[in-house]
Amino acid sequence: MKVSLFITCLCDAFYPRVGEAMVRLLARHGIRTDFPSAQTCCGQSAFNSGYWEEARAAARTLLDAFADSDFVVSPSGSCVHMLHRYRELFRGDPSAQAKAEELCGKTYEFSQFFVDVLGIDDLGAKFPHKVTYHPSCHGSRLLGVRDEPERLLRNVAGLELVPLPYAEDCCGFGGTFSVKMSDISGAMVAEKAEHVLETEAEVLTGSDMGCLMNIGGHLRHRGRPLRVLHLAELLYEGVSGA
Amino acid sequence: MADEAYREWLAGLDAESRRRQQAFLDALAAKLGRPRVTEPPPHPFRGAPDFWKEYELSPEERIERFIANFRASGGHAFRVSGLAEAARFIADKALELGVPAVIRQDEPVLAGLGLESLLPGVEVRVWNEDPAEDWIARAAGAGMGVVLADFAVAHTASIVTLSARGKGRSVSLLPPALAAVIPAGRLFTRLGEVLSRFDETGREGLPAGVHFISGPSRSADIENDLTIGVHGPGIVYALIVDA
Amino acid sequence: MSGSETAAKTVKERAKEALRNDFLRQAVRFTTDRLRNARLQAAGEQGNWEAWRERGRQIRSHTIAHLDYYLNRFAENARANGAHVHFAESAEEAVRIVLAIAERKGARMVAKSKSMVTEELHLNRALENIGVKPVETDLGEYIVQLAGETPSHLIIPSIHKNRRQTADLLSKEAGEELPTDTPALAAFVRRRMREVFLAADIGMTGCNFAIAETGSIVVFENEGNARMVSTLPKTQITLMGMERIIPTWADLEVMATLLPRSATGQRLTVYMSGISGPRRPGDGDGPEELHIVIVDNGRSLQLGDPEFQELLNCIRCGACLNVCPVYRHIGGHAYGGTYTGPIGAVLKPAFRKNVAEWDDVADASSLCGACAEACPVKIPLHDMLVALRRRKVEAGRAKRPEALAMRAYAAVMGSAGRLKGALRLGRLAVKPIARDGFIRARIGPLAGWTRHRVFPAPAAEPFRERWTGLRLELEREPAAMDPAVRRRLEEALRRRQAEKREGGDERHGG
C-alpha cells in the first residue's frame, strides 16, 4: 500500500512543518508515507491566471510523481481541487487526461483522508485552547470537504471551537488575485481578520496554508499576531503534548 | 396621426421584421452548429420536479396556508362564511378608510355583494359598464378596488385575476386599497396548478393580462427599508369565501 | 452593451475609489447580507432546493440549445396575439427600432419599468437625444436616474445610495425639502409617478421570461410600476434579451420558484404578470399597440461555445452579487458595465466577444466559487472567469511582466530539480529583507501583498530537504496499523479498482 504525500509548493517552501505534522500524524496510525520528489506544484496559480500552458508544465510533474501511488494525501483542499480541473487543462491530450482522472480518484485532502478513508475522526489530541476554524472556499465549497475538519476538531479534548462569523466568505487570498487586485484583496482580508478577532479565539486554524498565510499575515501586519496553525499542526501539537 | 399612413408604416415594419427573423434565427442555428430546428424538440424537463407535482394540501390546509403566507407578505387575509359576510367586511373597510368611491369588476358574484346599498354615501362603480366613460380615471379616483379572484394559490399566497372587458387591470392596480373575493373552490395548492391551465387553454384562450397578486405593493429601494404602497395598492384584503 | 461605454479607468482604479467610500461599502454590506440571508431562508423553506436548481438548469439549457425553435414559436404566437415583434441583432438596431416607433407616435414621454436590456442599450440617452423624455418609474431606478448614474445592483439599483442622498435627489425634483423618512419619500414618488403613468405616450418594460407556446411575456416586480406602464399608456414597448424564452407556463413555475427566492427571498414577487398581446376588443385598459423587441447584442456569441453557452441560462436574480466578497467591498459601479458583480464580470467580456475594451474585469474575482454555489441555475461563473483569463492570455493580451513571471514559473515548476535550485536561491534572495521570519518591505511584485500583510520568509529547510531525515526517524519506530484501518484502506483501494474496471470514474468531492 503506497500512500504518497502531495506536499504542495507552498508548504514545501514556506511551511514544511505542516507537511511534517501531517506525516507524523499518519505515522502514529501506522501509515507509512513516501514523498515522490518529482512533484512540484499543482499549477493552480498559472491555471487561474489563464496561463494553461504554464500550468500544464507544473501539473505534469504530479501526473508522473504519483503514477504508481495507491493513495495521495495533501494538506491543501485547494490544491487537491485543482487536480479536478486537469480534465479541462489537458483537453486534447487523452493520455494525460486518463492519468489525471486516476490521480483525482486517489487523492484526498488531509482531513478527508483521516475521516472518510481511514475512518478516524478522533486522533486523541488534547488542546486546551479557544480555537476558530476558517473553512477555505476551494476545500469546502468546491472540493466538498465541509464536515471532516470540524469532526476532527470536535474530538480534541479541551478545545473550545468558536464559530467564525461569515466563515464561508473568502479571505481574499485567491492566489495571484491578492497581488493583482491587492486593494480589494486587502479589504477582504481585513474583514476576515475582524471576524477572527471578534471570536476572541487564541488560535486560528484551517486546511489551506494559502488562506492562513493571508489572514495570519494580515493579523501580524496589524500587530495582532494570533497563533495561526494548519489543522494538522494543531492536531499534532495536541497528540505530542508539544 | 394619419391613421392610414401609420398602419402602412407599421405593416412595413412587420414585413421587415419577418424578413429579419429568418436571418436572425438562421444565424442562431449556425452558431449552434446544426440546421434550424422546426419541429418541437422533446422537452423531458417540463415544469416542476416530479416530487413537487405530488404535493397537495387539503382544502382546509390551503386556506390556512394562504392566510398565513398572505399575512406574512403584509396583506390582510380572512376567511368568511359567505358572500354576505364578505360584503359587510368590504363595506366596513371602505367606511373605515373613508373612500369616496369604490370600483369593482363587472362580475355577477360581486354584484351580489350589494355594495351599493351597504355604502349609501359612497359612489360604487362597475368597470366599463359604459364604454364611453374614462374608466382609467374612474379607477384612479376610487379609494378601493374590488375583484373576484379567478384563481388563488396557497403556497405563494397569490390572487390571480384575468383581464376581460368587464375586468379591467386597473381595478386591482390604481386604487390605494384592494379587496379580493376568493371562492374557496378556486384556491389551489401550487402555482403550477394554475399555470398549467394556461398551457391547456392555449394561446387562443388567454386574456391580454394575467396577474398574480401576492400582497401589497412594496419597495425596499431606500436603504433596504420596506415601504408599502409605492405604486400599486398598499392595502390588500383577501377574503376567502366558503361554499 | 454598446461600444460607447468607454472605461476611462481600470476596474482596479475604480475599485480603489470605491474602497475609500465607507458609506458605499456599509450600504452594500448591509443590503447584500439581508438579501443573502433571505435567500437561504426561502430556499430552506421551499425545500429540495438542489432539485429545483437542477430542474431550472435543465429547462434553461434545453431552451437555449433550441433557441431558434422557441424564439420562432414565440414570435409567431406573439404576432397571433396581435403584438408587433422585432428582431435586433445589435444595440444600434434595437435603439433604431424603438426610436422609430417613438417618433412615429410623436411621443414626448416614455414611462419605463425596470429593464436591464434598456440599460445595456443606453436607450434613455438615445430617447433624450430625439427629445423624448424617459422616466424610470421603479423607485430605485428613479433615484439612480435623478443622480445621473447607472444601477449598481441587478435587483436594488440604488443599493449604493443612502437615505440622505435619496432625500436630496427627490427634494430637488420636488422643488421643496422632503423629510428623509421612507414613507414620505415613497409618497412623493407615488404622486409624481401617477402623473407620469397617466401622461406617458409609451410604456416600456423589460421581460423576465417569454413563453414560447403562447407568445406571452412575463414580468416580475414588487412595486406595481411595470403593471402601470403595461396597463395605462396607449403603446407598450417591451425589450427582451433573446435568451429570456422558456417553452411553457408549466416551466414558469420553476422560474417563479427560483427567481424571487434567489433575488429577495420572497415566495413570489408581489406582482407576476403574463401579458399576451395588446388589449382585446372591448377591454377598458391595456395598451392598444404592443411592440416586442428581441435583442441579441452579443448574446448569440455564447451559442455553441462550450465554455460560455450556459451564461445564457442566467435569470438575472442577483444572488451571485449578494454572496460575492468582491462585490461586497467595491459595489457595482467599479465593474464599469451595465451588469455588475460576478455575472457582470463574465457578461461584459463575453458579450463583447472578449475584445480589449473589457480591461481587467475578469480579474476582479478571487474565484471563491460563492457565485456558482448561489446561482439558481448553476452557472459555473468562476470557471467562466478562468476561461476568460485564459482567452486573454491566448490572444496575447496579457501584461508582459506577468507573462514573463509565468514563463519563469513554468520553467521552475516544470522540473523538481529546478524547483530545488530555485528554493535555495529564493532563501538567499530574501535574506537581506526578512526579519524574524517575515518580509514587510513593499518591493517588487510583493508590494501589493505587503501593503496589507507580512509575507513569510521561506523556510530554512524546505520539506523536500527535510524529508529523508524525517523518513528515517519515523522508520526507526514504526507504529502498528489498526486492522480496522487497514481493512478500510484496502476496501477503498478495491472499490476504486473495481470501478475503474467498470469504466466508471470514482470521484470524491469536486
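Everything numeric in this text was worked out from a predicted model, so none of it was measured.

Engineer: For this particular structure, what's the right way to read the interface of chain C and chain A?
Structural biologist: Many descriptions give the size of an interface as the accessible area lost when the pieces come together. Between chain C and chain A, the residue contacts involve 67 residues of the former and 75 residues of the latter. Counting residues per element, the side of chain C that touches chain A draws most heavily on helix α22 (residues 483-501) of chain C, at seven residues.

Engineer: It is not clear to me how the sheet that holds strand β7 (residues 203-206) of chain A should be interpreted in this structure. Could you clarify?
Structural biologist: Through backbone hydrogen bonds, the strands of a sheet pair up, either in parallel or in antiparallel fashion. Residue and element names in this part refer to chain A. Taken together, four strands build an open sheet; the order of strands is β6-β5-β7-β8 and the sheet is parallel. Each edge of the open sheet is held by one strand with a lone partner, namely β6 (160-162) and β8 (227-230). If you compare each strand with its neighbour and ignore which way they point, the axes differ by 35 degrees on average. By the bridge criterion, four bridges tie β7 to β8 in an arrangement that is parallel. Residue pairing in the sheet places L204 in a bridge with V228 of β8.

Engineer: What should I look at first to understand the interface of chain B and chain C in this one?
Structural biologist: Of the residues lining the interface, 74 residues belong to chain B; the matching set on chain C comes to 86 residues. Here the side of chain B that touches chain C is composed, by residue class, of 34 nonpolar, 27 polar and 13 charged. Alignment of strand β9 (residues 209-213) of chain B against strand β9 (residues 271-275) of chain C, held across five bridges, turns out to be antiparallel. Across the sheet, the residue bridging to H211(B) is S273(C), located in β9(C).

Engineer: In this structure, what is going on with the nonpolar core? I would like to understand it.
Structural biologist: As a rule of thumb, nonpolar side chains are buried together in soluble globular proteins. If you look at the biggest cluster of nonpolar residues, it comprises 309 residues, and the most contacted ones within it are A180(B) and I182(B). Among the elements that take part in this core, helix α12 (residues 249-263) of chain C stands out by supplying nine residues, more than any other. Setting aside chain neighbours within four positions, we find I182(B) in contact with A149(B), A152(B), I159(B), L187(B), A238(B), L239(B), I240(B) and V241(B).

Engineer: Teacher, can you tell me more about helix α21 (residues 463-476) of chain C here?
Structural biologist: One full turn of an α-helix is made of 3.6 residues, so residues set three or four places apart face in the same direction. Helix length check: α21(C), at 14 residues, gives a terminal C-alpha distance of 20 Å against a target of 20 Å (1.5 Å per residue), a fit within 8%. A bend of about 30 degrees at G469(C) is the largest found in α21(C). Listing the buried residues of α21(C) in full gives F463(C), R464(C) and W467(C). Packed against the buried residues of α21(C) are α1 (9-13) and α2 (16-28) of chain A together with α19 (416-430) of chain C.

Engineer: Help me understand the domain arrangement of chain A in this model?
Structural biologist: Residue and element names in this part refer to chain A. As far as domains go, chain A holds domain 1 (3-117) and domain 2 (130-240). Spacing between the C-alpha centres of domain 1 and domain 2 amounts to 21 Å. Taken together, the contact pairs 27 residues of domain 1 with 23 residues of domain 2. Looking at the side of domain 1 that touches domain 2, the elements that each hand over two or more residues are α1, α2, α3 (44-49), α5 (77-83) and α8 (110-117). Broken down by element, the residue count for the side of domain 1 that touches domain 2 peaks at seven residues, all from α2. Class assignment for the residues of the side of domain 1 that touches domain 2 results in 12 nonpolar, 10 polar and five charged.

Reading the values: rules and limits
- Residues numbered from 1 in each chain as written.
- Chains lettered and ligands numbered in written order.
- Predicted model: local features only at pLDDT ≥ 70, side-chain atom pairs only at ≥ 80, totals over all residues.
- Contact = placed C-beta atoms within 7 Å.
- Helix = DSSP H or I, 4+ residues; strand = E, 2+ residues; numbered from the N terminus.
- Pairing = 2+ DSSP bridges.
- Axes fitted to C-alpha atoms, helices over the stretch in contact; angles between N-to-C directions.
- Nonpolar A, V, L, I, M, F, W, Y, C, P; charged D, E, K, R; others polar.
- Core = buried A, V, L, I, M, F, W, Y, C linked by C-beta atoms within 7 Å.
- Buried ≥ 20, exposed ≤ 12 C-beta atoms within 10 Å, placed from the backbone.
- Expected span 1.5 Å × (residues − 1).
- Bend = angle between axes of the 7 residues up to and from the residue.
- Domains from an automatic or database assignment.

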